[in-house]
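Chain residues, written in single-letter form:
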Amino acid sequence: MPSMIGEKLRTLRKAAKLTERKLAELAGVSQSAISEIEHGKKSPTLDTLLKLCSALGISIADFFSDQPATPVPPHLRPLLEAARDLTPEQVELLLPIIREFKKRKG
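Here's a quick rundown of the structure. (Residues numbered from 1 in each chain as written. Predicted model: local features only at pLDDT ≥ 70, side-chain atom pairs only at ≥ 80, totals over all residues. Heavy atoms only, no water.)

### Points about the side chain of Glu20
So, step 1. Residue placement: Glu20 occurs in helix H2 (residues 20-27).
So, step 2. Despite its burial, Glu20 remains without a salt bridge, the nearest opposite charge being carried by Arg13 at 4.1 Å. (Helix = DSSP H or I, 4+ residues; strand = E, 2+ residues; numbered from the N terminus. Buried < 20%, exposed > 50% of the residue type's maximum accessible area, 1.4 Å probe, protein only. Lys, Arg positive; Asp, Glu negative; His and termini not counted. Salt bridge = Lys/Arg side-chain N within 4 Å of Asp/Glu carboxyl O.)

### Digging into H2
So, step 1. Those residues of H2 that sit buried are Glu20, Leu23, Ala24 and Ala27. Taken around the axis of H2, the buried residues stretch over an arc of 100°, which confines them to a single face. Within H2, the exposed residues directed more than 90 degrees away from the buried face are Arg21 and Glu25.
So, step 2. Against helix H1 (4-15), helix H3 (31-38) and helix H4 (46-56) lie the buried residues of H2.
So, step 3. Looking one or two residues past H2, Gly28 carries a phi angle of roughly 75°, positive in sign. (Arc of directions from axis to C-beta. Contact = heavy atoms within 4.5 Å.)

### Re H4
So, step 1. Of the residues making up H4, those classed as buried are Thr48, Leu49, Leu52, Cys53, Ala55 and Leu56. Looking down the long axis of H4, one finds its buried residues gathered within 160° of arc, a one-sided arrangement. Exposed residues on H4 whose side chains face more than 90 degrees from its buried face are Leu46 and Ser54.
So, step 2. As for H4, its buried residues are in contact with H1, H2, H3, helix H5 (60-64) and helix H6 (77-83).
So, step 3. Phi for Gly57, located one or two positions after H4, is positive at around 75°.

### Looking at the pattern of salt bridges
So, step 1. Evaluated as defined, the whole model comprises 6 salt bridges.
So, step 2. Two residues, Arg10 and Glu38, come together in a salt bridge whose shortest N-O distance is 3.4 Å. Note that Arg10 is positioned in helix H1 and Glu38 in helix H3, a separation of 28 residues in sequence.
So, step 3. When its relative accessible area of 21% is taken as the criterion, Arg10 is described as partly exposed.
So, step 4. Of the charged contacts in the structure, one is a salt bridge between Glu100 and Arg104, with a shortest N-O distance of 3.3 Å. Taken together, the positions of Glu100 and Arg104, both in helix H7 (residues 88-104) and 4 residues apart, correspond to about one turn of that helix.
So, step 5. A residue is classified by how much of its surface remains accessible, and Glu100, at 32% relative accessible area, is partly exposed.

### Remarks on a nonpolar patch on the surface
So, step 1. On the surface, a nonpolar cluster with roughly 610 Å² of combined accessible area is contributed by Leu76, Leu79, Leu80, Leu94, Ile97, Ile98 and Phe101.
So, step 2. Only H6 and H7 provide two or more residues apiece to the nonpolar patch.
So, step 3. The greatest single-element share of the nonpolar patch, amounting to 4 residues, is contributed by H7. (Patch = residues over 30% accessible without salt bridge, like charges linked within 9 Å, V, L, I, M, F, W, Y side chains within 5 Å. Areas by Shrake-Rupley, 256 points an atom, 1.4 Å probe, with all protein chains shown as cover.)

### A word on the nonpolar core
So, step 1. If you look at the biggest cluster of nonpolar residues, it comprises 17 residues, and the most contacted ones within it are Leu9, Leu23, Ile34, Leu52, Leu56, Ile58 and Phe63.
So, step 2. Elements represented by at least two residues in this core include exactly H1, H2, H3 and H4.
So, step 3. No other element matches the 5 residues that H4 contributes to this core.
So, step 4. Each residue touching Leu23, except ones within four places of it in the same chain, is listed here: Leu9, Arg13, Leu18, Ile34, Leu52, Ala55 and Leu56. (Core = buried A, V, L, I, M, F, W, Y, C linked by side-chain atoms within 4.5 Å.)

Below, the structure written as structure tokens:
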């Protein structure tokens, strides 16, 4: 029977649209470890849980929060990292460009 941690991990992984294999690759853990955690057969160490949270783009506090965490898809992480130090004015200038890209979709 899945544990609370296993259920939460599966929910977050699916919300991020990641397979067990892809999450394992991003976190640097084995796919079997993720499967065992999600199915309640194994409890993650703190180190493994931190790696999984990092791979999902959330904090460990987000993982244990009652509020729904929003995982950051891997393809958006470089964009968020690049935007982290922008001023509010720079963000306002960038938003119309991003919205235009979204309209075009390919």
